[in-house]
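Residue-level listing of the chains:
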Amino acid sequence: QVPVVESGGGLVQPGGSLRLSCTVSRSVVFDNSAMGWYRQAAGKQREFVARITTGGSANYGDSVKDRFTISRDNAKNTVYLQMNSLKPEDPAVYYCNAAGVVLGTAINYWGQGTQVTVSS
């Protein structure tokens, strides 16, 4: 298991912005992994939010398109999720995922999650 640590969660008002960060402790893992963000609201299934490949190609879940932006900084082993125009339906625990192939072995690591709350 390779540590994957999210940060940046908190409370924000509807329409506000928040940026989440996720850092992977091993460069070899980060550099060879697509990085993704998933979220799970209380009492609901975990859902896909955003994903970015090692080459920087991104895709998003329908519910966050045009509002969220995923990016990665390979020098910092960090992926970001910029969340704008937050809505009351966005609150959830947001999880960071690293999925790739390292030395011929498929790997899949998850962070512990960071809570995002949207409330006025």
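Residues numbered from 1 in each chain as written. Predicted model: local features only at pLDDT ≥ 70, side-chain atom pairs only at ≥ 80, totals over all residues. Heavy atoms only, no water.

Trainee: Hey, could you go over the environment of Gly 36 for me, with residue numbers and the actual values?
Mentor: Position of Gly 36 relative to the elements: it lies in strand β4 (residues 33–40). Residue classification places Gly 36 among the buried positions, given a relative accessible area of 2%. Placed 35 residues apart in sequence, Gly 36 and Ser 71 show a C-alpha to C-alpha distance of 10.0 Å. Leave out the neighbours within four places in its chain, and Gly 36 touches Ala 50, Arg 51, Tyr 95, Cys 96 and Asn 97. (Helix = DSSP H or I, 4+ residues; strand = E, 2+ residues; numbered from the N terminus. Buried < 20%, exposed > 50% of the residue type's maximum accessible area, 1.4 Å probe, protein only. Contact = heavy atoms within 4.5 Å.)

Trainee: Break down the nonpolar core for me, with residues and values.
Mentor: A general feature of soluble globular proteins is that nonpolar side chains tend to end up buried together. Core analysis: the biggest nonpolar cluster contains 30 residues, and Met 35, Trp 37, Val 79, Leu 81, Met 83 and Tyr 94 have the highest contact counts within it. Sort the elements by how many residues they give to this core and strand β9 (residues 92–102) lands first, with 5 residues. (Core = buried A, V, L, I, M, F, W, Y, C linked by side-chain atoms within 4.5 Å.)

Trainee: If you had to explain the state of the cysteines to someone new, which residues and values would you point to?
Mentor: One pass over the structure, following the stated rule, counts 1 disulfide. Disulfide pairing places Cys 22 opposite Cys 96 at an S-S distance of 2.0 Å. Across the S-S bond linking Cys 22 and Cys 96, the dihedral sits near -85°, which makes this disulfide left-handed. One end of the pair, Cys 22, is in strand β3 (residues 18–24); the other, Cys 96, is in strand β9, with 74 residues separating them in the sequence. Of the two residues, Cys 22 and Cys 96, both sit in the buried class. (Disulfide = S-S within 2.5 Å.)

Trainee: Lay out the sheet that holds strand β7 (residues 68–73) with the relevant residues and their values.
Mentor: Taken together, 4 strands build an open sheet; the order of strands is β1-β3-β8-β7 and the sheet is antiparallel. The sheet is open, and its two borders are formed by β1 (4–7) and β7, each paired with just one other strand. Across the sheet, the mean angle separating the axes of adjacent strands is 15° when strand polarity is ignored. As judged from the 6 bridges shared by β3 and strand β8 (residues 78–83), these two strands associate in the antiparallel manner. Looking at the pairing, Cys 22 lines up with Val 79 of β8. (Pairing = 2+ DSSP bridges. Axes fitted to C-alpha atoms, helices over the stretch in contact; angles between N-to-C directions.)

Geometry only, nothing functional implied.
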